[in-house]
Amino acid sequence: MSDQRSVPLREHLLALKPCRHGGLIQETSETYGIPENEILDFSANFNPLGSPFDYPESGLNFEDIIKKSYGKLLEYPDNRYVEFREAAAKFVGLGVTPQSIIPGNGSTEIVRLVVESVIEKGDKVLLPWPTFGEYEMQCRIMGAEPVYPSQEEIDTLSDKMLEEAKILFICNPNNPTGRLRSREELKALAERCREHKTLLYIDEAFIELSDPSQSVADLPAENDYVFVMRSLTKDFAIPGIRMGFGIASPLVADILNRARLSWNLGAIANNTGIALLNIEGGIDSSYLKKARETIMKEGEVLKAKLDRIRGFKAGEVNVNFIFVDISKFMLNSSELTARLAARGVLIRDCVSFHGLEKDYIRVAVRNEKENNRLIAAIGDVITEWGREQAKNELQHVIEKATEEGIGGRKTCEYYPCHFEGQNCTFCFCPFYPCENEKTGGKWIQSSRGGRVWSCVDCHLVHKKEIAQKILDCLMHEGDTEELVKVAWKEVMEPIL
């Protein structure tokens, strides 16, 4: 730290780094000068249908909730949150009772409540990587010692690791990978955790948008060492109103309800939560069922389009986001994220997830039109990068030719050879995209959507005598871009 003054804070907090999240719309707007309403956010994952207040079949009206809340603005909320807890229990089903519900001001507050109620400085916590960063953040605040098994090691964690750990965090489906663990897997793990007196914290923030039948929300009723978390902001696409809840055994829930911040849900959040949780049909409401159907349908289409991008490998579609390996792509995750943000399209750079470095991104599943815009924006980034590379390569070719003359290079690391004996002086055509079909080039359908100019059938700049004439033009004094225009006019046009 640059400021080494003594401050009245715990010493280990001085090196604390903030947890990085998606959804940075305002920050992106300020950075790139793009109006907030023109930014398309694939970095945060919400119900692709939008809020139920915009879905007529839900029967919900936000103005009615505001009117109902208005009369409560001059009163403290009832800290028991009786109606909220009843609605939450009914929504979850599985025999969960209101006595097991702990209201929370969003999932982050719930994580902190549990951590500060369980952890003492120096305690070990198991954080299978990669996973949601707030677990580590809240544990570090309490002075815990994180241990990082991989997601693949969860089923084979040693007795010693469980014995030494106070909490094991499982996100299901996992953020950012989308891995969905079965109910049977988690039931077996819960028994092991009870045996070793390790709290199994299961984050089901996305379960309603995935496969609710895999929920283990009923386990805490008979197991004090299981805690299940739910988030309303994901299901109902209302991140601006912080709401969620935890599920624990009645004994543990009673203690946590005493320990949580008083009045942690304001009147508007409380009444909104009650209305949403009481939506007709609950977890099987037409709104949530359609959301799950949309996610699976559009997710598979989006995955197929992502897989067609060279260097992309999209993960499984279990929930409203897709984890993508771009380790073989031309740009790393941070470069790709920044270039897309400059175009008003946000994706999640996964570099902040433990162990992932700059090889992965996460993208939300949205509607067809918006998903196509993402694919088109990635295509634009690739084209931009290609032009930059072509310009840099051209400058390198000119500088080398100044010293050595035209080379006899016969291979190119970028493209397969077009014909026997070709000359690869120009790895990137200086005229791309010339858009002149007399060259043999043509417009083709791109796998990312739209059309792209293909040079596959153009051999001209790979003929040694033509390459020499182009170089002769480019090596004159002057602006390179202007010299390229001269070379086209003096060399290419007479040939065509």
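For clarity, every value in this text was computed on a predicted model and none was experimentally measured. (Residues numbered from 1 in each chain as written. Predicted model: local features only at pLDDT ≥ 70, side-chain atom pairs only at ≥ 80, totals over all residues. Heavy atoms only, no water.)

**Digging into the overall build of the protein**
Here is the rule we go by: The way it works is that DSSP assigns letters per residue, a run of H or I at least four long becomes a helix, a run of E at least two long becomes a strand, and they are numbered from the N terminus. Burial classification: accessible surface area is computed with a 1.4 Å probe over protein chains only, and a residue below 20% of its type maximum counts as buried, one above 50% as exposed, and the rest as partly exposed. Contacts are residue-level and defined by heavy atoms, with any inter-residue pair within 4.5 Å sufficient.
Summing up its helical and strand segments, the protein has 15 helices and 15 strands in all. Overall, the protein is about 85 × 50 × 50 Å in size when its C-alpha atoms are taken along their principal axes. The proportion of buried residues among the 496 residues of the protein is 50%. Considering only intrachain contacts with a sequence separation of at least 6, the fraction spanning at least 24 residues in the protein is 68%.

**Here we look at a nonpolar patch on the surface**
As a reminder, the rule being used: To count toward a patch, a residue needs a relative accessible area over 30% and no salt bridge; like charges are then connected within 9 Å, while nonpolar side chains (Val, Leu, Ile, Met, Phe, Trp, Tyr) are connected within 5 Å. The Shrake-Rupley method, run with a 1.4 Å probe, gives the accessible areas here. Residue values count only the displayed protein chains as cover. The salt bridge criterion pairs a side-chain nitrogen of Lys or Arg with a carboxyl oxygen of Asp or Glu, the two atoms within 4 Å.
A contiguous nonpolar surface patch, about 630 Å² in accessible area, is contributed by Phe62, Ile66, Tyr70, Leu73, Leu74 and Ile268. Along the chain, Ile66 falls in helix 2 (residues 62-70).

**Some remarks on the sheet that holds strand 13 (residues 360-364)**
Put simply, the test is: Here, a strand pair is defined by DSSP locating no fewer than two bridges between the strands. For every element, the axis is a line fit to its C-alpha atoms; helices are fit only across the contacting stretch, and the angle between N-to-C directions ranges from 0 to 180 degrees.
The strand order across the open sheet built from four strands is 9-10-13-12, with neighbouring strands paired in antiparallel fashion. Taken across any chain shown, the strands that pair with only one partner, and hence form the sheet edges, are strand 9 (313-314) and strand 12 (348-349). Docked against the sheet, helix 11 (residues 286-307) engages strand 9, strand 10 (321-325) and strand 13, running at close to 15 degrees with respect to strand 10. Packed on one face of the sheet, helix 12 (residues 333-341) meets strand 12 and strand 13 and runs near 35 degrees to strand 13.

**Quick word on helix 10 (residues 267-277)**
Counting buried positions over the 11 residues of helix 10 gives 10, a clear majority of the element. Among the residues of helix 10, those classed as buried are Ala267, Ala269, Asn270, Asn271, Thr272, Gly273, Ile274, Ala275, Leu276 and Leu277. Looking at the buried side of helix 10, the elements it contacts are helix 2, helix 3 (82-92), helix 8 (232-235) and strand 8 (244-247).

**Topic: the layout of surface pockets**
Note the following rule: A 1.4 Å probe that fits into a set of points on a 1 Å grid over the protein atoms alone but cannot get out defines a cavity; an open set with protein on both sides within 12 Å along at least five of seven lines defines a pocket, and lining residues are those with an atom within 4 Å of a point. Grid points are joined across faces, edges and corners, and a volume is the space filled by probe spheres set on the points. Under the scheme applied here, ten amino acids are nonpolar (Ala, Val, Leu, Ile, Met, Phe, Trp, Tyr, Cys and Pro), four are charged (Asp, Glu, Lys and Arg), and all others, including Gly, are polar.
In this model, the second largest pocket occupies a volume close to 800 Å³. The wall of the second largest pocket is formed by 37 residues, among which Ala44, Asn45, Phe46, Lys234 and Pro239 lie closest to the centre. Of all the secondary-structure elements, those providing two or more residues to the lining of the second largest pocket are helix 4 (107-118), helix 8 and strand 13. Looking at the lining of the second largest pocket, its residues break down into 13 nonpolar, 14 polar and 10 charged.

**Remarks on the side chain of Glu298**
Our working rule: In this count, Lys and Arg are taken as positive residues and Asp and Glu as negative ones, while His and the chain termini are left out.
With respect to the helices and strands, Glu298 occurs in helix 11. The buried charged residue Glu298 lacks any salt bridge, with Lys297 as its nearest oppositely charged partner at 4.5 Å. Non-local contacts of Glu298, meaning those with residues more than four positions away in its chain, are made with Val365, Arg366, Glu368 and Asn371.

**Structural notes on helix 3**
What sets the pattern is the α-helix's 3.6 residues per turn: residues three or four places apart point alike. For helix 3, the full list of buried residues reads Phe84, Arg85, Ala87, Ala88, Ala89, Phe91 and Val92. Immediately downstream of helix 3, the backbone of Gly93 shows phi near 70 degrees, a positive value.

**So, the pattern of salt bridges**
Pairing between side chains of opposite charge can happen when the charged atoms of each approach one another. Taken as a whole, this structure holds 23 salt bridges when the rule is applied. Where Arg20 meets Glu27, a salt bridge forms, and the shortest distance between an N and an O atom there is 3.6 Å. Since its relative accessible area comes to 45%, Arg20 is described here as partly exposed. Its salt-bridge partner being Glu370, residue Arg366 comes within 3.0 Å of it at the nearest N-O pair.

**Some words on the pairing of strand 6 (residues 199-203)**
Under the convention used in this document: Look down the strands so they point away from you; if going from the first strand over the helix to the second traces a clockwise path, that crossover is right-handed.
The buried count for strand 6 comes to five of five residues, which makes it a mostly enclosed element. Covered by surrounding structure in strand 6 are Leu199, Tyr201 and Asp203 together with Leu200 and Ile202, the residues of both alternating faces. Sheet topology places strand 5 (residues 165-171) next to strand 6; five bridges connect them, and they run parallel. Residue Cys171 lies in a different strand from strand 6, and its bridge partner there is Asp203. The parallel pair strand 5 and strand 6, bridged by helix 7 (residues 183-196), forms a crossover whose chirality is right-handed. With four bridges joining them, strand 6 and strand 7 (residues 226-231) adopt parallel strand pairing. Residue pairing for strand 7: Asp203 is matched across the bridge by Met229.

**A closer look at the environment of Val452**
Checked against the element boundaries, Val452 lands in strand 15 (residues 451-454). Counting along the chain gives 69 residues from Val452 to Thr383, while the straight-line C-alpha distance between them is 9.1 Å.

**Regarding the nonpolar core**
Put simply, the rule is: The term nonpolar core refers to a set of buried residues drawn from Ala, Val, Leu, Ile, Met, Phe, Trp, Tyr and Cys, joined through side-chain atoms within 4.5 Å.
Counting 51 residues, the largest nonpolar core has Leu168 and Phe245 as the members making the most contacts within it. Looking at this core, the elements with two or more residues in it are helix 3, strand 5, helix 7, strand 6, strand 7, strand 8, helix 10 and helix 11. Ranked by residue count, the leading element in this core is helix 3, at six residues.

**Some points on the sheet that holds strand 6**
Pairing in this open sheet of seven strands is mixed, and the strands run 2-8-7-6-5-3-4 from one edge to the other. Two strands lie at the open edges of the sheet, namely strand 2 (101-104) and strand 4 (145-147), each paired on one side alone. When the angles between neighbouring strand axes are averaged without regard to direction, this sheet yields 25 degrees. Sitting on the sheet, helix 4 touches strand 2, strand 5, strand 6, strand 7 and strand 8, and the angle it makes with strand 7 is about 160 degrees.

**A word on the side chain of Asn175**
Filter applied, for reference: Between N or O atoms, a polar contact is any pair within 3.5 Å; within protein, one atom must be a potential hydrogen donor and the other a potential acceptor, and residues adjacent in sequence are included only when both atoms are from side chains.
Of note, Asn175 is situated in the loop between strand 5 and helix 7. Looking at Asn175, its side chain comes within polar contact range of the side chain of Arg362, at 2.7 Å. Residue contacts for Asn175: discarding those within four places in its chain leaves Pro130, Thr131, Phe132, Phe206, Phe321, Phe353 and Arg362.

**Observations concerning the packing of helix 2 against helix 10**
To keep it simple, the criterion reads: Angular relationships are summarised with four words: roughly parallel below 35 degrees, roughly antiparallel beyond 145, roughly perpendicular across 65 to 115, and oblique for the angles in between. Helix crossings fall into two classes, left-handed where the near helix is turned counterclockwise from the far one by less than a right angle and right-handed where it is turned clockwise.
The N-to-C vectors of helix 2 and helix 10 enclose an angle of 135 degrees; their axes lie 9 Å apart at closest approach. Judged by the inter-axis angle, helix 2 sits oblique to helix 10. Considering only the axes of helix 2 and helix 10, their crossing is right-handed. Residue-level contacts link Phe62, Ile65, Ile66, Lys68 and Ser69 of helix 2 to Ala267, Ile268, Asn271, Thr272 and Ala275 of helix 10.

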